[in-house]
Amino acid sequence: MNDQKILQCFKNGQREKAFKKLYQLYPKIERLVLSKGGQKQDASDVFQESLIILYRNLEKSNFKLTSSFYTYLYSVSRFVWSDVQKKESKLLSNQLNENEATITKTIHEDKQFQLAEQAFSELGERCKKLLLLFYHKRMSFKDIANVMQFSTEKIAKNQKYKCLSKARGIYKNKQQTVQS
């Protein structure tokens, strides 16, 4: 069946017969997609999309087929596959950018944590103990005062503030040293 007969089948409402003939062109479109890095499923999707575009255009009263169906489908398939690749490339690029941002953030957080650990390790033993009791063991100031032999809760609270201020100062100094 030649192109004119296929076109006539579409015009006469014999779409199934026309599409059956057009499906004979599938192997050529499949080779195109496979040669451009696609898979068989990609080729099938591209061919289907190309047939839909062809059919929509054939329904338009002003559409005139100026080439063979093969040439038309091949050209449309090339453009459809190109669009698919652009979308996949953009998606991959976005994923890489997100991964890169996550890795950069993680590295930054890890460096900050290391600096905090170093600052903590440079504190005196009593400050380390007090901060561990408060933050790690979540003890009240009353219990901390008893354990560390402070006379009141208020003294334990003031000592915690001083120790924390000292740790922050060491941390900031280390941060400035790393940045310079």
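See the structure shown above.
Okay, so let's go over this structure. (Residues numbered from 1 in each chain as written. Predicted model: local features only at pLDDT ≥ 70, side-chain atom pairs only at ≥ 80, totals over all residues. Heavy atoms only, no water.)

Concerning the state of the cysteines
Point 1. Scanning all chains against the criterion turns up one disulfide.
Point 2. C127 shares a disulfide with C163; S-S distance 2.1 Å. Taking the sign of the S-S torsion, about -75 degrees here, the bridge from C127 to C163 comes out left-handed. One end of the pair, C127, is in helix α6 (residues 125-136); the other, C163, is in helix α8 (residues 153-179), and 36 residues separate them in sequence. With respect to class, C127 is no different from C163; both count as buried. (Disulfide = S-S within 2.5 Å. Helix = DSSP H or I, 4+ residues; strand = E, 2+ residues; numbered from the N terminus. Buried < 20%, exposed > 50% of the residue type's maximum accessible area, 1.4 Å probe, protein only.)

Looking at the pattern of salt bridges
Point 1. Tallied over the full model, the rule gives three salt bridges.
Point 2. Of the charged contacts in the structure, one is a salt bridge between K128 and E125, with a shortest N-O distance of 3.4 Å. Of the two residues, K128 and E125 are both situated in helix α6; the distance of three residues between them amounts to about one turn of the helix. (Salt bridge = Lys/Arg side-chain N within 4 Å of Asp/Glu carboxyl O.)

Comments concerning the nonpolar core
Point 1. Judged by nonpolar contacts, the single largest core of 22 residues is most densely connected at L22, L54, F69 and L73.
Point 2. Counting only elements with at least two residues in this core, the list comes to α1 (3-11), α2 (15-22), α3 (26-35), α4 (40-59) and α5 (69-121).
Point 3. Other than its neighbours up to four places away in sequence, L73 contacts L22, L25, I29, F47, S50, L51 and L54.
Point 4. Membership of the second largest hydrophobic core comes to 16 residues, among which are C127, L130, F141 and A156. (Core = buried A, V, L, I, M, F, W, Y, C linked by side-chain atoms within 4.5 Å. Contact = heavy atoms within 4.5 Å.)

Re the environment of G124
Point 1. Within the secondary structure layout, G124 lies in the loop between α5 and α6.
Point 2. On the basis of relative accessible area, G124 is assigned to the partly exposed category, the value being 34%.
Point 3. Along the sequence, G124 and V33 sit 91 residues apart, while their C-alpha atoms lie 69 Å from each other.

Topic: the side chain of S77
Point 1. Mapped onto the secondary structure, S77 falls in helix α5.
Point 2. Within the structure, the side chain of S77 is placed 2.7 Å from the backbone oxygen of L73, a separation counted as a polar contact.
Point 3. The residues contacting S77, other than those within four sequence positions of it, are I29, L32, V46 and S50. (Polar contact = N/O pair within 3.5 Å; in protein donor to acceptor, adjacent residues only side chain to side chain.)

As for the packing of aromatic side chains
Point 1. A complete count under the given rule lists eight aromatic pairs for this structure.
Point 2. Ring centres of Y23 and F47 lie 5.3 Å apart, and the angle between their planes is 70 degrees; this geometry places the pair in the edge-to-face category. With Y23 in the loop between α2 and α3 and F47 in helix α4, the pair connects residues that are 24 residues apart, well separated along the chain.
Point 3. The positively charged end of R78 is found above the aromatic ring belonging to F79, 5.5 Å away from the centroid.
Point 4. The ring of F134 carries K160 above its face, with NZ or CZ at 4.7 Å from the centroid. (Phe/Tyr/Trp six-rings, centres within 6.5 Å; stacked < 30°, edge-to-face > 60°. Lys NZ or Arg CZ within 6 Å of the ring centre and 35° of its normal.)

Digging into the environment of I53
Point 1. If you trace the backbone, I53 turns up in helix α4.
Point 2. For I53 and V76, which are 23 residues apart along the polypeptide, the C-alpha to C-alpha distance reads 8.0 Å.
Point 3. Not counting residues up to four positions away in its chain, the partners in contact with I53 are Y72, V76 and V80.

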